[in-house]
Amino acid sequence: MPTPLHQRLRATHQRLDDAALKAERNPVSIALMLATKTQTSGTIRAAVLAHRDLVAAGEVTPRALHIGENRVQELSAKAPDLQDLQVTAHLIGPLQSNKINHTLRALVLHKDGSIDTVDTAELAARLSARWDGKSPLPVMIQVNTSGETSKSGTTPADAPALAQHIGQLPNLALRGFMTIARRSTDPDTARNCFITLARVREEVHIAGNGEGLVLSMGMSNDLESAVACGADIVRIGTSVFGERPTLA
Ligand SMILES: *Cc1c(COP(=O)(O)O)cnc(C)c1O
């Protein structure tokens, strides 16, 4: 029996497929990151297994599935429960320096764990200094493409220099860029944010400070526009899990 989770997952995959075809992109090249804030380990496990079932049954595009947590505390609490799933995990919320060790300990429990919210040279240097994994720690640069003061991230203008800086650090591997678009009913508003992120990557590629860098952008309400602008990973919460309970 397909559960509501299966149905919402299937519908989300369909939205991604439609957006990819419209943009003349290969649907399988667009990865799905589940934004798992507030979800229990049990629900996250069910979603990962539902995705794998749907792929095995040939019912959805066999795209890569990742998970993303906003809070270090949630990441740490759930990592031991989900470790056996061998799913790639990302930190997609802000990281304070006093939580670095905590975060790294949780991330190593996952396959290829990555920190996607690096936005200063100082944070990058600290991560590189603390990381003692076998291979370099994957990171992304968070770019504030909307200019909103409430959002973290480096400015689009400063992002290329940060990419160059990270490239010189021995223990970090730059994987790409992430952004959160401005929320708006006007689709052009999010689109402008996504175009800005794509330009940052272009600039860094041209400068030779990274290869094959990915774009993590697009959420439940703006994934179509993100895919049209070149998103390689979209981060989806509501469209897969349903509305989040509002925190009291
Ligand atoms: C919550 C969250 C998402 C997903 O948002 P939805 O609108 O629920 O799809 C994506 N990225 C980040 C950084 C988030 O915090």
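Chains are numbered independently. Their residues run from 1 in the order of the written sequence. Where local features are concerned, this predicted model is filtered to residues with pLDDT of at least 70; where side-chain atom pairs are given and counted, the filter is 80 or more; whole-chain, interface and lining totals use all residues. Side-chain calculation: all heavy atoms of the structure are included, whereas hydrogens and water are not.

Caption draft 1: Inspection of the environment of Asn-221 at higher detail. If you trace the backbone, Asn-221 turns up in the loop between β7 (214–216) and α8 (223–228). The sequence separation of Asn-221 and Asn-98 amounts to 123 residues, and the corresponding C-alpha distance is 33 Å. Strands are runs of DSSP state E lasting at least two residues, helices are runs of H or I lasting at least four, and both sets are numbered from the N terminus onward.

Caption draft 2: Geometry of the nonpolar core. Joining through side-chain atoms within 4.5 Å is the link that ties buried Ala, Val, Leu, Ile, Met, Phe, Trp, Tyr and Cys residues into a set, and such a set is a nonpolar core. Accessible area is worked out with a 1.4 Å probe on protein chains only. A residue is then buried under 20% of its type maximum, exposed over 50%, and partly exposed in between. Core analysis: the largest hydrophobic core is formed by 66 residues, its most contacted members being Leu-34, Ile-115, Leu-127, Val-139, Ile-166 and Phe-177. Sort the elements by how many residues they give to this core and helix α7 (residues 187–207) lands first, with six residues. Two residues form a contact once any of their heavy atoms are found within 4.5 Å. When sequence neighbours within four positions are dropped, the list of residues in contact with Ile-166 reads Val-118, Ala-124, Val-139, Ile-141, Leu-172 and Leu-174. With seven residues, the next largest nonpolar core counts Ala-31, Ala-35, Met-178 and Ile-233 among its residues.

Caption draft 3: Representation of helix α1 (residues 4–22). Helix span, as expected, comes to 1.5 Å for every residue beyond the first. With 19 residues, α1 ought to run about 27 Å at 1.5 Å a step, and its terminal C-alpha atoms sit 27 Å apart, in line with that. For α1, the set of buried residues is Leu-5, His-6, Leu-9, Thr-12, His-13, Leu-16, Asp-17, Ala-19 and Ala-20. Along the axis of α1, the buried residues cluster in a sector spanning 165°; they form a single face. Exposed residues lying more than 90 degrees from the buried face of α1 are Pro-4, Leu-21 and Lys-22. Taking the helix axis as origin, the arc is that swept by the directions to the C-beta atoms.

Caption draft 4: Geometry of the packing of helix α3 (residues 72–82) against helix α4 (residues 100–107). Between α3 and α4, whose axes approach to 9 Å, the crossing angle comes to 35°. Every pair of crossing elements has a handedness; the one defined by α3 and α4 is left-handed. Residues Val-72, Leu-75, Ser-76 and Ala-79 of α3 form the contact with α4, whose own contacting residues are His-102, Thr-103, Ala-106 and Leu-107. Here the contact of α3 with α4 is composed, by residue class, of five nonpolar, three polar and no charged. As a rule, the C-alpha atoms of each element are fitted with a line to give its axis, helices using only the stretch in contact, and angles between N-to-C directions run from 0 to 180 degrees. Two helices that cross are described as forming a left-handed crossing if the nearer one is turned anticlockwise from the farther one by less than a right angle, and a right-handed crossing if clockwise. Only Asp, Glu, Lys and Arg are considered charged in this grouping, and only Ala, Val, Leu, Ile, Met, Phe, Trp, Tyr, Cys and Pro are considered nonpolar; every other residue, Gly among them, is considered polar.

Caption draft 5: Structural context of the site of the ligand. Proximity criterion: a residue is near a molecule or strand once any of its heavy atoms comes within 4 Å of it. Near the ligand you find 13 residues, and of these Lys-37, Asn-70, Ser-220, Thr-238 and Arg-244 are the closest. Contact between the ligand and Asn-70: an oxygen atom at 2.7 Å from a side-chain N or O atom of the residue. One of the backbone N or O atoms of Gly-237 is found 2.8 Å from an oxygen atom in the ligand. Relative to its free-state accessible area of 390 Å², the ligand is covered by the protein chains to the extent of 94%. Each residue belonging to the shell around the ligand can be placed in one class, and the counts come to five nonpolar, four polar and four charged. Here a polar contact means two N or O atoms within 3.5 Å. Within protein one must be a hydrogen donor candidate and the other an acceptor candidate, and residues neighboring in sequence count only if both atoms are side-chain atoms. Only the protein chains shown count as cover for residues, and all accessible areas are computed by the Shrake-Rupley method using a 1.4 Å probe.

Caption draft 6: Looking closely at the packing of α1 against helix α2 (residues 41–56). It is at 10 Å that the axes of α1 and α2 come closest, and there the two elements cross at 60°. Put simply, α1 runs oblique to α2. The crossing of α1 and α2 is right-handed. Contact with α1, carried on its side by Leu-5, His-6, Leu-9, Arg-10 and His-13, involves Thr-43, Ala-46, Ala-47, Ala-50, His-51, Asp-53 and Leu-54 of α2 and no other residues of that element. Residues of the contact of α1 with α2, tallied by class, amount to six nonpolar, four polar and two charged. Roughly parallel here means an angle under 35 degrees, roughly antiparallel means over 145, roughly perpendicular means 65 to 115, and every remaining angle is called oblique.

Caption draft 7: Just the pairing of strand β1 (residues 31–35), in detail. The buried count for β1 comes to five of five residues, which makes it a mostly enclosed element. The alternating pattern of β1 places Ala-31, Met-33 and Ala-35 on one face and Leu-32 and Leu-34 on the opposite face, and all of these are buried. Pairing geometry for β1 and strand β8 (residues 233–236), over four bridges, is parallel. Looking across to β8, one finds that Leu-32 is bridged to Val-234. DSSP-based pairing: two strands are paired if at least 2 bridges between them are found. Direction of pairing for β1 relative to strand β2 (residues 65–69): parallel, over a ladder of four bridges. Bridging across to β2, Leu-32 finds its partner in Leu-65.

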